[in-house]
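# Observations on chain architecture
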Amino acid sequence: MIVTSSDVKFVVDTDRCCGCKVCVRRCIEDVWHWDPEKNCAVPKYPDECVLCYQCEMDCKNNCIEVIPQVVIKSDPLLNKPQYE
Amino acid sequence: MANLKDLGKVYTSDILIIGGGIAGLCTAIKAKETNPALDVLVVDKGSIGYAGQSGKAGNGITGRLPHQNPQAMADYLVVNGGDYMNDQEFLLDYVSTNQESLEFLDHCGVKLSKNEDGSIRVFPMPNDLWGCAGIELGSCFSLRDYALKVGVRLLDRVQLFELLTDKAGAVIGAIGFDCDKMKCQIFKAKAVAVATDGCYFKKVGGMFCGYGNGIASAYRVGALMRNAEFSCSVELVHKANNEAVYGGFNLVHNKDGVNVSQVYAPNAEETTPDLHIGLWKEVQEGRGPLYCDLRVLDDMSAHIGGMGHVNDGRMMADKLRWIGIEMAKAAQTGIQLGQTPEVTSRMYIQGEFLRADREFKTNVEGLWAPGKISYQGSAYWGWVRGDGLGNGAQCGMRAGASMAKFATEKAAVEPDYEQVKALKDKIYAPLNRPTTRKPKEVFDAMEQVVFHLDNVIVKSEKSIQAILDMIEELKKVIPELTAEDAHTLAKCHDAADSLLCLEIVFRAAQMRKETRGCVYRHIRTDYPERDNKNWLKWINVKQGENGSMELFTEDIPMWRYPVRPEGYEIPEGHAEEYYV
Ligand SMILES: Cc1cc2nc3c(=O)[nH]c(=O)nc-3n(C[C@H](O)[C@H](O)[C@H](O)COP(=O)(O)OP(=O)(O)OC[C@H]3O[C@@H](n4cnc5c(N)ncnc54)[C@H](O)[C@@H]3O)c2cc1C
Ligand code: SF4
Ligand code: SF4
């Protein structure tokens, strides 16, 4: 399963998911939720990911790959002055 | 008779601590060790041990070497940290116990850098006024285990949004819901701490986990905010991943190879807004991209970043592993960080202005504010690198002892059913609205504010008013936000609480008509000078009787303090109290 947001792409090998829900508990921003229909964990709120990689590090079945996209979408130093 | 249990699951404890990062855990342990008979409960919206910023910090923690003098450190920080906005009595007291807080962590089983004889190894920082010890990334795992061992109760994945009060206005509990099933959870306690960290306006700041729930809930029960106008700052970051280039602020070069750090803020001891205003100029005038030359580390990059101490045991294996993963991930975006990485500025607003005293008690009876939530508000203002974790331990020791004393002496008060019911209805309201607006709309708008240097770092009446106007518009969106599950329901409240914090920052910034501050500098282009005649004052913010925001100033009692600006004269009505 591939789930993307503007900051991050999650590649999840759902076949290997054993249902331990470690990712759900370890994520500090509540990105991961259990999907009872698919019977696996899914990154339901990818927008909230802060790229700490805890879920990837702690999944014992190596199901999760977190791939950062271009993190800085707008470089503040390129912004023009707003209040001349 | 109506029973609280009809509204949700009810938990009772003597002490309730909301937030289980380093500050919450240290508070809980200290309270329990002060009086083991007390029932101490820590509640966190995440999993304790992993949750919070504390779980990701490990570059070092403030300490002191035997030859370093706390008074000299305090005097330095009044001039170079708070720019005279400090509570100098508290600051001296605070820095005097830096080393005790390390010993407390050591006692709780947290891994720290050690000398061969087993004592804590503290590395001097470049100005030799204070030091920094190594600390494991997993400090909260160790604290969690120790907390359980001494009998503290821990509850994961429950987010709290409102505080309960008795008839006299004292805090006697809190209410929220669990993050999995969204069931209402009600907490009764004699003493409550909000250790929920500050408010960081989402991840633009790279400072996660804080959405202002603790500050906003305290504000709604009458807590004071202080020094909110000094909430804005800026960090030098890798353009590849928005992560800090720790200590690299003297090594920034433009595309022509000129060291521009030395042009705008020569030989700085910290990253300052002045440097970043200069970097902005460089890029605007076509001399970007900018890069940081880390091939030869200077004292700052070696010490602050900790990489100069890798071989001496300051950087622990778990932190180095995490840094390695971050570097590898950044490389996946196609950008090698290398030794001359491209850099930019990351503006941030950190709302940490809940006012607290030396015991980290707020002005509201029964409510404490340990941890980063009260960093600006407590006005000790002694932040140096490593004082994020150091502050957590210090606050914990002080708040824990103070709460234990209070809870030992106080009788429990039963919450009022009608109050709890009204708060529950408020919390669940976004589930039942006929609208379709989402909290992301509010977060996106707030993020845009933080992206602009001339909103956050350089302010004027015009820019501040533009932001306050935007906030007024967003406040109209809040009652229309909708949710469909626990996650989105929590986000509706996070958005509302963050917006309140943003308003507090900009209302206070509008009031302070001068330029002042160092790392957290308040720059007004329309009032470019420091004004010691009119502005040696703290600005306090509170919720007024009719619910509107009220601001008032308070003279800083400089006549009691040792460090004073040149030419300072004691105002009428006061007499010299320090140099007598
Ligand atoms: C990447 C990074 C690196 C850092 N490196 C260092 C360093 O090397 N040295 C240093 O000294 N400092 C460092 N800091 C700063 C330091 O981590 C923080 O200042 C410190 O951890 C704050 O501790 P705290 O306990 O106040 O807050 P946190 O650790 O953030 O804990 C707050 C807790 O409250 C919980 N919470 C929030 N709202 C609610 C709610 N409504 N209901 C229930 N629970 C809630 C959160 O889940 C969280 O667990 C770093 C910060 C970051 C982000
Ligand atoms: S940690 Fe891995 S195995 Fe466990 S639920 Fe998550 S994805 Fe599945
Ligand atoms: S990387 Fe961190 S924030 Fe992102 S989903 Fe994984 S655990 Fe959550």
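Residues numbered from 1 in each chain as written. Chains lettered and ligands numbered in written order. Predicted model: local features only at pLDDT ≥ 70, side-chain atom pairs only at ≥ 80, totals over all residues. Heavy atoms only, no water.

Taken together, the contact pairs 47 residues of chain B with 38 residues of chain A. The interface formed by chain B and chain A holds 6 salt bridges in total. Its salt-bridge partner being A:Glu56, residue B:Lys329 comes within 2.7 Å of it at the nearest N-O pair. For the side of chain B that touches chain A, the secondary-structure elements that each account for two or more residues are helix 8 (273–284), helix 10 (317–332), strand 16 (342–349), helix 14 (439–451), helix 15 (453–456), helix 16 (461–477) and helix 17 (486–511) of chain B. Counting residues per element, the side of chain B that touches chain A draws most heavily on helix 10 of chain B, which supplies 6 residues. When the residues that make up the side of chain B that touches chain A are grouped by side-chain class, the tally is 17 nonpolar, 16 polar and 14 charged. (Contact = heavy atoms within 4.5 Å. Salt bridge = Lys/Arg side-chain N within 4 Å of Asp/Glu carboxyl O. Helix = DSSP H or I, 4+ residues; strand = E, 2+ residues; numbered from the N terminus. Nonpolar A, V, L, I, M, F, W, Y, C, P; charged D, E, K, R; others polar.)

Before going further, it helps to spend a moment on the sheet that holds strand 5 (residues 122–124) of chain B. All names here are of chain B. The 3 strands lie next to each other as 4-6-5, forming an open sheet whose pairing is antiparallel. Strands with a single pairing partner mark the edges of an open sheet, and in this sheet they are strand 4 (61–63) and strand 5. Adjacent strand axes in the sheet meet at a mean angle of 45°, parallel and antiparallel pairs treated alike. By the bridge criterion, 3 bridges tie strand 4 to strand 6 (residues 131–133) in an arrangement that is antiparallel. Bridging across to strand 6, isoleucine 61 finds its partner in alanine 133. Helix-sheet contacts for helix 4 (residues 98–107) involve strand 4, strand 5 and strand 6, and the interaxial angle to strand 4 is about 125°. (Pairing = 2+ DSSP bridges. Axes fitted to C-alpha atoms, helices over the stretch in contact; angles between N-to-C directions.)

By nearness alone, every residue bordering ligand 3 is listed as A:Phe10, A:Cys27, A:Val31, A:Trp32, A:Cys49, A:Val50, A:Cys52, A:Tyr53, A:Gln54 and A:Cys55. Per-class residue counts for the shell around ligand 3 are 9 nonpolar, 1 polar and no charged. (Near = heavy atom within 4 Å.)

Time to look at the pairing of strand 21 (residues 549–555) of chain B. All names here are of chain B. One ladder, built from 7 bridges, connects strand 20 (residues 537–543) with strand 21; its direction is antiparallel. Bridged to isoleucine 539 within strand 21 is threonine 553. Hairpin connection between strand 20 and strand 21: a loop of 5 residues separates the two successive antiparallel strands, and glycine 547 in this loop has a positive phi of roughly 90°.

Averaged over every residue, the pLDDT of chain A is 91; residues scoring 70 or more account for 96%. For chain A, per-element mean pLDDT is lowest for helix 2 (residues 54–58) of chain A, which scores 92, and highest for strand 4 (residues 40–43) of chain A, which scores 96. (pLDDT = per-residue confidence, 0-100.)

Residues and elements named next belong to chain B. Sheet architecture is open: 3 strands sit in the order 12-20-21, paired in antiparallel fashion. The sheet is open, and its two borders are formed by strand 12 (225–226) and strand 21, each paired with just one other strand. On the sheet, helix 17 packs against strand 12, strand 20 and strand 21 and is oriented at approximately 45° with respect to strand 21.

Next up on the list: the domain arrangement of chain B. Residue and element names in this part refer to chain B. Domain parsing of chain B yields domain 1 (7–59 + 104–114 + 137–229 + 348–418), domain 2 (232–346) and domain 3 (428–546). Placing the centre of domain 2 and that of domain 3 at their C-alpha centroids yields a distance of 29 Å. Here domain 2 meets domain 3 over a buried area of about 970 Å², counting both sides, of which 77% is carbon and sulfur. The largest per-residue losses of area from domain 2 upon contact with domain 3 belong to Cys232, Pro273 and Trp280, which jointly make up 55% of the total buried on that side. Taken together, the connections running from domain 2 to domain 3 amount to 1 salt bridge. (Domains from an automatic or database assignment. Buried area = accessible area lost by both parts, 1.4 Å probe.)

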